[in-house]
Amino acid sequence: MQESETLTEWPSDGADEERPAGSREKGLNRALNILEFLHANQRAIGIGDLAKGLNAPRSTTYTLVRELVEAGLLEMAGDGNRVYFGKKLYLYGMAYMRGNDLLRRGRQEVDTLSRETGETSELCMLQSGRYTIVHSSPGTRPFRISSATGLQIPLPWTASGRLLLAGLDRGGIEAMVTRDDLVLPDGRKLELDDFIDDIARARITGYCVTSGLVDAYTKCLAAPVFSAPGKVEATMCLVVPIDTSEERTGELLGLLRERAARLSIS
């Protein structure tokens, strides 16, 4: 099958017929893997590259993509042979936001905090073992800090990661962190014991500040949002230039912790 084939030319393999429960479950898992792969890559992907990246049979990948496109969950992009998220997923996401009280209020707090401070503000959660930005509001500085909703980053690279793991014991933390996660973008390697010590300190202090981890120009301030006593559901963050003074950092931390507490369920 050539990469130039269009969606309407893909052959049917009987996927619409009744399938055994085990086959349907495998098909569902593969469909979810497609969505996860697209989310991780943050761009439209060719069908052949999608099959290769998932180490999945090409014919099965074509069939699943066709079904997801027909359902409106995916859409064809570019030359008609690349695929990305569809409008229906956007509508589902909007419905989720309206139905999720924390996310709805959190977006408002993040936007307000960014306006008041002029700094980039974020609401972050744990998703698929990664720190995930679920809402971001840019600051007013001419120098813009890279921050995008949906971005996923290894937990050890972030201040939020140290708070999101604060309720876990050592075994639980080790299960969430791979060796690659401990290697920073500039090649430096964090020690797992040091990371676990950072988590313990963040749990005690109720906030976390990291400098120069994701890049050499910024530091991140994070405060926990609790869904129950002792259970960190999310974090509110400020991403500021690394040369921000200690006095200014302290002011921002106080404001950040106040807003995060307002979101928390006491």
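Residues numbered from 1 in each chain as written. Predicted model: local features only at pLDDT ≥ 70, side-chain atom pairs only at ≥ 80, totals over all residues. Heavy atoms only, no water.

Please provide a residue-by-residue account of the packing of helix 2 (residues 47-54) against helix 3 (residues 58-70), values included.
Orientation of helix 2 relative to helix 3, taken along the N-to-C sense of each, is 120°, at an axis distance of 9 Å. On the basis of their axis angle, the class for helix 2 and helix 3 is oblique. The handedness of the crossing between helix 2 and helix 3 is right-handed. When helix 2 is examined against helix 3, the residues Ile47, Gly48, Leu50 and Ala51 are found in contact with a partner set consisting of Arg58, Thr61, Tyr62 and Val65. (Axes fitted to C-alpha atoms, helices over the stretch in contact; angles between N-to-C directions. Helix = DSSP H or I, 4+ residues; strand = E, 2+ residues; numbered from the N terminus. Parallel < 35°, antiparallel > 145°, perpendicular 65-115°, else oblique. Left-handed = near helix turned anticlockwise from the far one by under 90°. Contact = heavy atoms within 4.5 Å.)

Can you explain the sheet that holds strand 2 (residues 74-77)? Please cite residues and give values.
Pairing within the open sheet is antiparallel, and its 3 strands lie in the order 1-3-2. Both edges of this open sheet fall to strand 1 (45-46) and strand 2, since each of them pairs with a single strand only. Direction of pairing for strand 2 relative to strand 3 (residues 82-85): antiparallel, over a ladder of 4 bridges. Residue pairing across strands places Glu75 opposite Tyr84, the latter belonging to strand 3. (Pairing = 2+ DSSP bridges.)

I'd like to hear about the pairing of strand 5 (residues 130-137), residue by residue, with values.
With 6 of 8 residues buried, strand 5 is to be regarded as a mostly interior element. Summarising the sheet, strand 4 (residues 120-127) and strand 5 pair through 7 bridges and their orientation is antiparallel. Considered in strand 5, the bridge of Gln127 is made with Arg130. In terms of strand pairing, strand 5 meets strand 6 (residues 152-153) through 2 bridges, oriented antiparallel. From the neighbouring strand, Tyr131 faces strand 6, where its bridge partner is Ile153. (Buried < 20%, exposed > 50% of the residue type's maximum accessible area, 1.4 Å probe, protein only.)

Go over the pattern of salt bridges with me, naming the residues and quoting the values.
Counted according to the given criterion, the structure contains 14 salt bridges. In this structure, Asp181 and Arg130 form a salt bridge, with 3.1 Å as the shortest nitrogen-oxygen distance. In this pair, Asp181 sits in the loop between helix 7 (170-176) and helix 8 (192-205) while Arg130 sits in strand 5, placing the two residues 51 residues apart along the sequence. Judged by its relative accessible area of 3%, Asp181 is buried. Judged by relative accessible area, which is 27%, Arg130 ranks as partly exposed. Several salt bridges converge on common partners, so that one network encompasses Asp101, Arg104 and Arg105. (Salt bridge = Lys/Arg side-chain N within 4 Å of Asp/Glu carboxyl O.)

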